[in-house]
Amino acid sequence: MKALSILLFNILSFSLLSSGSSFYQQASLIDLREECDSLDCPERYCEVYRYLAENLYLPLADRFHYLNIAEQISLELADKHNILAIYSQAGRMNLDKGQYAASLEAFSKGIDYLGYKNDEDWLQQEGWFLTGYGILLYKVKLYEDAKGIFKDCAQVMHRNSDTYGEAVALNNIGLCYSNLGEPDSALYYFTQAYELRLGLNDKFLLTHSMLYIARMYRQMGNRSRADSALEKAAYYNDLSTEFEFIGDIHCQWAEIAFDDEDLISASYHLQKAKEMSSPFKDLTWLNLKIRLFKELSLKDSLIFYIDSALSTAQSFGNLDLELSLLYQKEKLYREIGLDKEADSILLRVAALSQKLLRIKDTMQENLMVVQGDFIENRSRLQNLEASYREKEKIIASQNTTILLVTIIALILLSAFILYYRINNRVRKLSQNIRILNERSRLAAEQMTSGILAFDPNGELIFSNQAARDHFRFFGNFDLEENKDFLSQIIQKEMLEDWQLRIQEVKDKQSFQNMSSRLKDDRKFYHLVSMREMKTEDQKVGAVAVITDVTNSQERSLELSRKTQALEVANSAKEKMLSLLAHDLKEGVVSSLELAKLSLDGDPQEHGTHLQLIYESLGRTKTLLFKTLDWVKHQSNGLELQRNKFFIGRLVADVIKEKEEILIQKSVECLNQVDQNLQAVADPNALRVILRNLIGNAIKFVEPKVGRVQIQSRRINSAKIEIAIVDNGRGMTPVQIANLLGGEKLNSTKGTMGEEGTGMGLHFCQDLLYKMGSTLQVESSLNLGTVFYFSLDCPQRAAKQ
């Protein structure tokens, strides 16, 4: 009945997948269904579904579905046919997704069947199963454990005369030694693998081996041998029908050129490496291109390759690399003045950081599930060993009489043979599970998150190094295993927190919260997750995971501070743009007045009026271009320069700009600045200041009798003073106080009704403050006004 239900399930699953897309109509499965059903040839169905799961063109969800079908057929109908290959494939597929906990779960299932059979095909499956398990340990950086697994794998492959698999195992051993900082041992195993592959005469595999050897020589500092190995790899690659490694070869040569600071050679090899099939999906090549354009300061090309690397990282699902590239791009945008785009990238960084945090939570939950499975496996093993001991007692008690010696001997012999085989498998299974549990503990010890495991009575049965460090630092005590957890906590606040969490887990089976603690003048944030563990509906304990999220919280605060800084910069820009509009208005209004005068006046004077309009618009254009150019260079806020220039010439330019309004009001404006006097300041900023102060003086003097004077005097050898003096209406002390000290913008109409924004003087004060000066004013009602300020001057000129 169970076999029939599996058959119906397989037929229904295949029908649903086939109806979704014609692409899934796999010819091999269709042909097999026409020959026989899964009850008659389950081994063939198991193989077909497993091969479908290896099809990289199928969606990942469908590949896992096919693999689940193959597993069901193997376990229920085919006497575990290909079961190690199935679990190994599931582990590798989860490993490719970065799901280490799910991968570990798949390999833990396969360990149950090590030694199940002893034929050549089964031993070959064991060899590749150990290869996959070793790769998992290598990926989580347990290099010492992975090295041991790969050595076992090499022995299995050697016994099976599988030269290809033995070379793979030797290369993996070399990679482990390389990461353990033992390049000599790594080079030995890479060389052993290369010698095995010479017998296979596969140029593709020989290229692969020479690249490993070249990398080791580089790591050992032997540049000449590294170059020779790379040249040999290029030679094999040219002879191979597969040109997959051309990019790797030239990328390594480019790295050597970078070490020699030879950017021309590095650029040449990166261009040659572009001949690979998909260079913009190769992160090594993209990172080297980014390094090249950083060295050359070619920011446009740098942005392009950072974007390409971002796209590749996103397609691979490498969130850590994507986050690193976004930080580089944000910094580059700020360097070239694209603050708005940089702010947009910061928002993406914040969102990606949150996503990484969620992924980390998911990984923690998966790890707790796998640990629960390990506890369950250990319980089953203990029950199985107890059952075997009971069988031994029963067999021993049956030896009662000499009359039945022959029969009992035969029974005992048969039982002994069966017991020996089963006991062998149980010991091997027990050893493998102990190894797996020990390695799980080692993996937990190396995790940055703190992990605690409790039994049903609240005793602490496991804590990793991160957890012990956490309680030593924040709780001022050392955790002890096999003791009541709560009774060890000294601090009242910490005890109340953990009592609440444990009670929540008892009530709801799981709990998660964020806690914060102040330590050494720094606020630390931790995410605490707890979950109840069960085996066969029986509570066996609980697991807690403590994750330090202080850095992400501090980055959020830093992002907030940067946002405030941007608001200040935007405020400065608004002031500059308002001031630009104020200054340009005079030229536009003057041109309109001249145009109206031309239309209303004598047609014979049109030429004269047009000339005046042309000159007015020309001065307005010059003012516009100068101001816009200055504003453009202030995109990051007010950043003033310090240049040496003749201030009298700058004053003359500003008076020239005010010529129309001076003519209209019949006002005299005198440049009384010493023409040989030099100042050290930002000439563009000073132009804005003088334009506003002279404009205000013209604005408040009476037509026909008004006079404005721009004067200078030397204060000392390092300072000069510039004064704008007018005989206008003047101000009261209250008006002076409101003008320079008030935060509210006030605008007063001039003697001919001229209007303003009230922002000019405030902006002049800001500019002078950044120059290290202040705006001073002296005025009396109806007696005129004097605005004056000091500037730095060249010391050498002062001595002359």
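Here is a short report on the structure shown in this document.

What about the overall build of the protein chain?
Of regular secondary structure, the protein chain possesses 29 helices and 13 strands. Out of the 800 residues belonging to the protein chain, those deemed buried represent 45%. Carbon and sulfur atoms form 52% of the exposed surface of the protein chain, whose accessible area is close to 42,700 Å².

Quick word on the packing of helix H24 (residues 647-657) against helix H26 (residues 683-699)
At a minimum axis separation of 10 Å, H24 and H26 run at an interaxial angle of 50 degrees. The angle between H24 and H26 falls in the class oblique. Where H24 crosses over H26, the handedness of that crossing is right-handed. On the side of H24, the interface is formed by Ile647, Leu650, Val651, Asp653, Val654 and Glu657, while H26 contributes Pro683, Leu686, Arg687, Leu690, Arg691 and Ile694. Residues belonging to the contact of H24 with H26 are distributed by class as follows: 8 nonpolar, no polar and 4 charged.

Considering the nonpolar core
With 53 residues, the main nonpolar core has Phe129, Tyr133, Phe190, Met210 and Ile213 as its most contacted residues. By residue number, the principal contributor to this core is helix H11 (residues 203-219), which donates 8 residues.

A closer look at the pattern of salt bridges
Throughout the structure, instances matching the rule amount to 18 salt bridges. Taking the shortest distance from any N to any O, the salt bridge between Glu668 and Arg707 comes out at 3.4 Å. Remark: Arg707 occurs in strand S10 (residues 707-714) and Glu668 occurs in strand S8 (residues 668-672); sequence separation between them is 39 residues. Overall, the relative accessible area of 36% leaves Glu668 in the partly exposed class. Among the salt bridges present, the one from Asp792 reaches Lys719, with a minimum N-O distance of 2.6 Å. In this pair, Asp792 sits in strand S13 (residues 784-792) while Lys719 sits in strand S11 (residues 719-726), placing the two residues 73 residues apart along the sequence. Asp792 sits in the buried class, given a relative accessible area of 18%. Judged by its relative accessible area of 26%, Lys719 falls in the partly exposed class. Among the ionic contacts, a cluster of salt bridges with common partners joins Glu330, Arg334, Asp339 and Asp343.

What to know about empty space enclosed by the protein
Counted under the stated rule, the structure contains 4 cavities of 30 Å³ or more. In this structure, the largest cavity encloses a volume near 70 Å³. Taken together, His470, Met494, Trp498, Arg501, Ser515, Arg517, His526, Val528 and Ile546 form the lining of the largest cavity. Residue assignment for the lining of the largest cavity shows that the elements contributing at least two residues are helix H21 (492-508), strand S4 (510-519) and strand S5 (522-535). With 3 residues, the top contributor of residues to the lining of the largest cavity is H21. Tallied by class, the residues present in the lining of the largest cavity amount to 4 nonpolar, 3 polar and 2 charged.

How each quantity is defined
- Residues numbered from 1 in each chain as written.
- Predicted model: local features only at pLDDT ≥ 70, side-chain atom pairs only at ≥ 80, totals over all residues.
- Heavy atoms only, no water.
- Helix = DSSP H or I, 4+ residues; strand = E, 2+ residues; numbered from the N terminus.
- Buried < 20%, exposed > 50% of the residue type's maximum accessible area, 1.4 Å probe, protein only.
- Areas by Shrake-Rupley, 256 points an atom, 1.4 Å probe, with all protein chains shown as cover.
- Axes fitted to C-alpha atoms, helices over the stretch in contact; angles between N-to-C directions.
- Parallel < 35°, antiparallel > 145°, perpendicular 65-115°, else oblique.
- Left-handed = near helix turned anticlockwise from the far one by under 90°.
- Contact = heavy atoms within 4.5 Å.
- Nonpolar A, V, L, I, M, F, W, Y, C, P; charged D, E, K, R; others polar.
- Core = buried A, V, L, I, M, F, W, Y, C linked by side-chain atoms within 4.5 Å.
- Salt bridge = Lys/Arg side-chain N within 4 Å of Asp/Glu carboxyl O.
- 1 Å grid on protein atoms, 1.4 Å probe; cavity = no way out; pocket = protein on both sides within 12 Å on 5 of 7 lines; lining within 4 Å.
- Points joined across faces, edges and corners; volume = space filled by probe spheres on them.

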